[in-house]
Amino acid sequence: MGPQTDGRRSAGPGPARGLLDRRPVFARRILAHYAAVRLLVTPALHPHVVASYAFLARTDDLADQGPLEERLPRWHAWAEQVTAGLRSGHADDPVLRAFLHTVAVRQLPHHWVHTYLKATTEELHFTGHATEADFQRYVDHLALPALMLIEDLQYEGGGGESFRSRCRSFAEGLQRLDFLTDLTDDLKEGRLYLPQEDLDRSGVTRADLEQGQDTSAVRELVALTCRKTRKSLTDSRALADATVPGFRPLQRALLDLAEHQLARVESAGASITRRPVGYGVRVPLTVLFRERRQVGREA
């Protein structure tokens, strides 16, 4: 385990303009996460978690939105800016500038950023996962580094190997869950992230999914993926024990919401090929307010 802090240690005065510039970007992109951070994370970490979330949102949008021929030059320009910024510690872009400040203050390991950028570059030409091993590499190279840009903020210099291992289970569970909840939208955009060998094992074709077929084979494929997802999320429950007090309410909330959304996917079954699955409203609010009440007790 790396050096620990309860989150109350001063993180230093961040650049005010950067904070103001990044907050609207973050709030528009992932409003629910923004509210959770503001309510559940210790104030000393607020600007840093917001900065990392905003950086991830900006990066994801640049890599994912628009025709590929437009995305490629835009993405490469951004990746070069980020790489240069990590070397110099400076950037003109306000979102990147705020993130670089966070990287410096929290001593966030640069290798997570470099690995994430490299994997995102490869993702631009994604054609699908042939095997489970391909998916596991995807988690190691993209999903885990992205998650660590948030999780490692708890520890100056990053957490240790045990902490990273627990985060890895969470990253795998979240990624499988994302494949399920976004299946409809991904298929519309010509992408399928479920491993082909899982489709073959269940007797499902890509056309079955694209046509929204409700068959026993499709239901088995969904159930198989749900079982794998639940195992990863269950394994990642140990992550809460390795989380600093000032971050623990958010960590518990994220774990609970992931399991809640998975339960909704399990109930929806094959219909996830026809419509995305969200969180709903009542349970997320219940979880948010429950953990908010815990903040004062754990401070």
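Everything below is about the structure printed above this text.
The rules we used
- Residues numbered from 1 in each chain as written.
- Predicted model: local features only at pLDDT ≥ 70, side-chain atom pairs only at ≥ 80, totals over all residues.
- Heavy atoms only, no water.
- Helix = DSSP H or I, 4+ residues; strand = E, 2+ residues; numbered from the N terminus.
- Expected span 1.5 Å × (residues − 1).
- Core = buried A, V, L, I, M, F, W, Y, C linked by side-chain atoms within 4.5 Å.
- Buried < 20%, exposed > 50% of the residue type's maximum accessible area, 1.4 Å probe, protein only.
- Contact = heavy atoms within 4.5 Å.
- Salt bridge = Lys/Arg side-chain N within 4 Å of Asp/Glu carboxyl O.

Chemist: Can you break down helix 13 (residues 248–268) residue by residue, with the values?
Modeler: Over its 21 residues, helix 13 extends 30 Å from the first C-alpha to the last, a length consistent with the 30 Å expected when each residue adds 1.5 Å. Positive backbone phi, at 60°, marks G269, one or two positions downstream of helix 13.

Chemist: Please provide a residue-by-residue account of the nonpolar core, values included.
Modeler: Of all hydrophobic cores here, the largest spans 83 residues; its most connected members are V49, F55 and L149. Here this core takes 11 residues from helix 7 (residues 132–151), the largest share from any one element. Among residues more than four places away in sequence, those in contact with V49 are V37, V41, I150, L153 and F247.

Chemist: Summarise the pattern of salt bridges; cite the residues concerned and give the values.
Modeler: Counted under the stated rule, the structure contains 25 salt bridges. A salt bridge links R176 to E132, with the nearest nitrogen and oxygen atoms 2.4 Å apart. One end of the pair, R176, is in helix 8 (residues 161–181); the other, E132, is in helix 7, and 44 residues separate them in sequence. Here R176 and E132 have matching classes, each one buried.

Chemist: Mind laying out the side chain of Q175, listing which residues take part and the relevant values?
Modeler: Checked against the element boundaries, Q175 lands in helix 8. Sequence-distant contacts of Q175, defined by excluding residues within four places in its chain, comprise F135, Y138 and A143.

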